[in-house]
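Examination of the molecular architecture
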Amino acid sequence: MRSVLRFVVLFPAVFCLAHPSHGAEALKLRPAASAYSDSDGKPLKNPEGVAYDGKSLLAVADTGNGKIALYAIQGEGLKPHASFALPQLTYPIRVQFDPQGGILALDGKTRKIVRLTLAGEFRGYLDPSGIPTPGTVVPRSFRIDGKGNIHVLDVFSGRVLVLDPSGKFQREIPFPREHGFFSDLAVDGNGTVFLVDSVGGRVFSARGNAKEIAPFSESLQEDLNFPVGIAVDGRGRIYLSDQNGGGIVILGPDGSFRGRQSGMGWKDGLLRYPSALHVSDSGTLFIADRGNNRVQLFTIIQ
Amino acid sequence: MRLRHRIVLLLLGLAVLSSGSLALSQDQFRLKPGAKGKVCLTCHTAFQEKMKLPFVHTPVKAGNCSDCHNPHTSSHGKLLADDPSRICRKCHDGILPGKAKSVHKAVGEGNCVKCHDPHAAKFKNNLLQDGNSLCFNCHKGIAEGVKGARFKHNPVEKGCLSCHKAHASEGADFLLKAGVPSLCTSCHRTDGPSFAKQHVNYPVARSRCTSCHDPHGSSQAGILWQNVHSPVAKKMCSQCHPDPGSPDALKAKRPGFELCRGCHSDMMNETFGRNRIHWPLVDHVSCQNCHAPHASRQDALLRGPMKTVCNSCHQDVARRQETSVTKHKPIEGGECTKCHRPHSSDLVSLLDNTNVINLCGSCHEWMKHSSHPIGDNVVDQRNRNLSLDCLSCHRSHGSEFKDFTYFNAKMDLCVQCHTGFKR
């Protein structure tokens, strides 16, 4: 009888440990805070980009208002810090903090990446140099890694461009032959690049110095509608914003489906046509809740 | 000798066994000796006439009605002995090759009676109709095209089966007997001066003929598709391609939209002048994601009907509409541009109007004067940064509720805001 009991208790435990998808911890997202207006008191309008500096500042691409809004993070709350509009950046759709100071933002209308100071002064455009042909670059999104290298999702030439902080060409990774349309990318601490295919509903990746981008996950079309944003946390977990489905899908470090959080709605904690997202090392997820004209923070609960 | 004897004996034994099992299957209903189909015909008298037709299905001819029907009970219509989608393949298993590249929809669904009469017919192979008329019953669009074409393609006149297989094709799409261009070049010589002249000396012998030509005939000379890109019609291929003698003669002169911008500059400038672009327009495939570069059956040289083109990427919208309780007519009819701009817009979702209420009102006119309070001044109780418009309650691409509301109208929709009435 004892041996039977031992088997009943031990087998599931051993099975769970042995199988990554069963042994994986369940993740939940708890709504923590929302930002509805900028430092001028103006309501946000269709924000599409978010970035966190890892310390205390959150930058938001307030797309519909043509502004960049900064927020100070205080505990789990957000306090409007500054906001600015530039004639060179009338339609910001992605934003990133530059580790050397300042901000980079992608303008959706001109499809140029703009450099600006934290005070909102224009510092010039990111001008990629030494790029192999074709020389035309159309960035759909970009990310800056821990070393300050800029990873540009160049949809025109079908590649990920890796540039040094000054914009000098480092290397390129061509898109795979079979894919739908890449809308966003993320880079983890090891330099692995992750791409989200909105049409195919799957994630692709290229490790460190890999020369090819390969499928990372299976098709997730059963679990999401049209993913447009991707982020990776320090543990290698992937977060996807499902624009048309209103939700966040989480994948494990092995690409396995780990769950779907939030849902389509208007109230705090729910999402409507969300766009870019960002995950901090301290376990906070920031998401541009485009259709709700706000930015939301979620605490990641293990 | 002994071995031969053994083989003969073995074959005889097998023959006896198989005939025995056949007899057993026929005798499972313990019919009177010699009865078989005759018993059925005592009631189904109309079949007497049917059996006089020139082509009678073998089991019918043999009177083995019970091969397909159970005379007592069945879970299937017409007392069939198995599911209608499976029953034919019990005997005709070889109809579908193991690795078919394309399968006739009716065959894939097991809907054999779309083309064949299971009992008897006037036409060979028990077909319901003869020649192309059978195919044109379903393929009406092609039928109209063939009928109206000024320039006929001879094999079409001879019969669809000149180029297509009826059930499945192992090697080609569209049930073709072979892929394009090898199917075409089995009739059309590509090494003669006429071919070179017609194609302005471009080395197109191995190109996909159907990127320019309508294989079913057309009213355009050279059976080009109905809508021809102007440079193709004028045989000015060098507007987009290098000279025919160039090693890259079939490549485009410039990548992506940069090529098209040369002629379509006004449209491009207008497109790029708006805040939001349809991103595929600026990717490495660019305009050709949606438009055929040479010729097309569709207006605006679209690669297919708008519904097909849009849904090829926006499959989630197609799925949503398919499962929606109430259908939104523009989506069902493939009129995506009723609400969205295909190239660019200043608005999210590439909408065609700054005001959602006016956009919906362009079809639903009554909304403007008789509705729940909506407009810029009516704040959404659920979110202070939003005002109420049609999309506050309706999910335009469809939902599981009537009138594609986000929530069950009776229980959950109104109390989203009118919380005091929540039960």
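See the structure above.
Heads up: these notes are all about the structure in this document. (Residues numbered from 1 in each chain as written. Chains lettered and ligands numbered in written order. Predicted model: local features only at pLDDT ≥ 70, side-chain atom pairs only at ≥ 80, totals over all residues. Heavy atoms only, no water.)

In terms of helices and strands, chain B carries 19 helices and ten strands. In terms of overall size, chain B is more extended than a compact globule, its C-alpha atoms giving a radius of gyration of 31 Å where 423 residues would be expected to give roughly 22 Å. Scored against the burial criterion, the 423 residues of chain B give a buried share of 28%. Nonlocal contacts in chain B, meaning residues at least 24 apart in sequence, comprise 49% of its contacts between residues at least 6 apart. For chain B, the accessible surface area stands at approximately 27,300 Å², while carbon and sulfur atoms represent 58% of it. Averaging the coordinates of the 56 positive side-chain charges in chain B and doing the same for the 35 negative ones gives two points 8 Å apart. (Helix = DSSP H or I, 4+ residues; strand = E, 2+ residues; numbered from the N terminus. Rg over C-alpha atoms; globule rule 2.2 N^0.38 Å. Buried < 20%, exposed > 50% of the residue type's maximum accessible area, 1.4 Å probe, protein only. Contact = heavy atoms within 4.5 Å. Areas by Shrake-Rupley, 256 points an atom, 1.4 Å probe, with all protein chains shown as cover. Lys, Arg positive; Asp, Glu negative; His and termini not counted. Charge placed at Lys NZ, Arg CZ, Asp CG, Glu CD.)

The next thing to look at is the sheet that holds strand β16 (residues 202-206) of chain A. All names here are of chain A. The strand order β14-β15-β16-β17 describes an open sheet built from four strands, whose pairing is antiparallel. The open sheet is flanked by β14 (182-187) and β17 (214-215), the only strands paired with a single partner. In this sheet, β16 lies alongside strand β15 (residues 193-197) in antiparallel orientation, the contact comprising five bridges. Bridge pairing links aspartate 197 to arginine 202 in β16. (Pairing = 2+ DSSP bridges.)

Turning to the state of the cysteines, a few remarks are in order. Residues and elements named next belong to chain B. Evaluation of the coordinates by the stated rule reveals zero disulfides over all chains. Among the cysteines around cysteine 290, which has no disulfide bond, cysteine 310 carries the closest sulfur, lying 6.8 Å off. Residue cysteine 290 is classed as partly exposed on the basis of its relative accessible area of 24%. Considering cysteine sulfurs only, cysteine 393 is the nearest to cysteine 414, which forms no disulfide, with 7.3 Å between them. (Disulfide = S-S within 2.5 Å.)

Residues and elements named next belong to chain B. Counting through the fold element by element, aspartate 82 comes out in the loop between α4 (58-61) and α5 (84-87). Aspartate 82 gets classed as buried once you look at its relative accessible area, which sits at 12%. In terms of polar contacts, aspartate 82 uses its side chain to reach the side chain of arginine 86, at 3.1 Å. Leaving out residues up to four positions away in the same chain, aspartate 82 has contacts with His76, Ile87 and Lys90. (Polar contact = N/O pair within 3.5 Å; in protein donor to acceptor, adjacent residues only side chain to side chain.)

Residue and element names in this part refer to chain A. Read across the open sheet, the four strands follow the order β2-β3-β4-β5; overall the sheet is antiparallel. Unpaired on one side and paired on the other, β2 (49-52) and β5 (77-84) mark the two borders of the sheet. For this sheet, the mean angle separating the axes of adjacent strands, direction not counted, is 25°. One ladder, built from seven bridges, connects strand β4 (residues 67-74) with β5; its direction is antiparallel. The residue bridging isoleucine 73 from the neighbouring strand is leucine 78, located in β5. (Axes fitted to C-alpha atoms, helices over the stretch in contact; angles between N-to-C directions.)

Residues and elements named next belong to chain B. Tracing the chain through its elements places threonine 271 in helix α14 (residues 265-272). Taking C-alpha positions, threonine 271 is 5.4 Å from serine 344, a pair spaced 73 residues apart along the chain. Apart from the residues lying within four places of it in its own chain, the contact partners of threonine 271 are Ile277, Leu281, His343 and Ser344.

So, about the nonpolar core. Ranked by size, the top nonpolar core spans 40 residues in total, and within it Val160 and Leu195 of chain A together with Phe257 of chain B carry the most contacts. Of all the secondary-structure elements, those providing two or more residues to this core are β7 (103-107), β10 (139-144), β11 (150-154), β12 (159-163), β14, β15 and β16 of chain A together with α14 of chain B. Each residue touching leucine 195 of chain A, except ones within four places of it in the same chain, is listed here: Leu153, Val160, Phe182, Asp184, Leu185, Arg202, Val203, Phe204, Ile213 and Ile230 of chain A. Counting 16 residues, the second largest nonpolar core, distinct from the first, contains Ala59, Ile68, Leu86 and Ile103 of chain A. (Core = buried A, V, L, I, M, F, W, Y, C linked by side-chain atoms within 4.5 Å.)

Before going further, it helps to spend a moment on unusual backbone geometry. Along the chain, valine 180 of chain B connects to proline 181 of chain B via a cis peptide bond; the corresponding omega equals 15°. You can see proline 181 of chain B is positioned in the loop between β4 (168-169) and α10 (182-185). For asparagine 293 of chain A, which is not glycine, the phi torsion reads 55° and is therefore positive. The topology assignment puts asparagine 293 of chain A in the loop between β23 (284-289) and β24 (294-301). Assessed through its relative accessible area of 9%, asparagine 293 of chain A is described here as buried. A positive phi angle, close to 60°, is found at asparagine 126 of chain B, a residue other than glycine. Structurally, the position occupied by asparagine 126 of chain B is in the loop between β3 (120-121) and α7 (132-136). Taking the relative accessible area as the measure of exposure, asparagine 126 of chain B reaches 9% and is therefore buried.

Below, the discussion takes up the interface of chain B and chain A. Chain B puts 38 residues into the contact, and the matching count from chain A is 38 residues. Each partner contributes to the roughly 3,200 Å² buried at the junction of chain B and chain A, and carbon and sulfur atoms together form 52% of this total. Among the residues of chain B in contact with chain A, Asn275, Trp279 and Asn385 of chain B are the three that bury the most area, contributing 22% of the side total. Taken together, the connections running from chain B to chain A amount to one salt bridge. In this structure, the salt-bridge partner of glutamate 48 of chain A is arginine 276 of chain B, at a minimum N-O distance of 2.3 Å. The tally of links between chain B and chain A comes to twelve residue pairs in polar contact (both at pLDDT 80 or more). Of all the elements in the fold, those that place two or more residues in the side of chain B that touches chain A are α13 (256-261), β6 (276-277) and α16 (315-323) of chain B. Looking at the side of chain B that touches chain A residue by residue, the class counts come to 14 nonpolar, twelve polar and twelve charged. (Buried area = accessible area lost by both parts, 1.4 Å probe. Salt bridge = Lys/Arg side-chain N within 4 Å of Asp/Glu carboxyl O. Nonpolar A, V, L, I, M, F, W, Y, C, P; charged D, E, K, R; others polar.)

It is worth stressing that arrangement in space is one thing and function is another; only the former is reported here.
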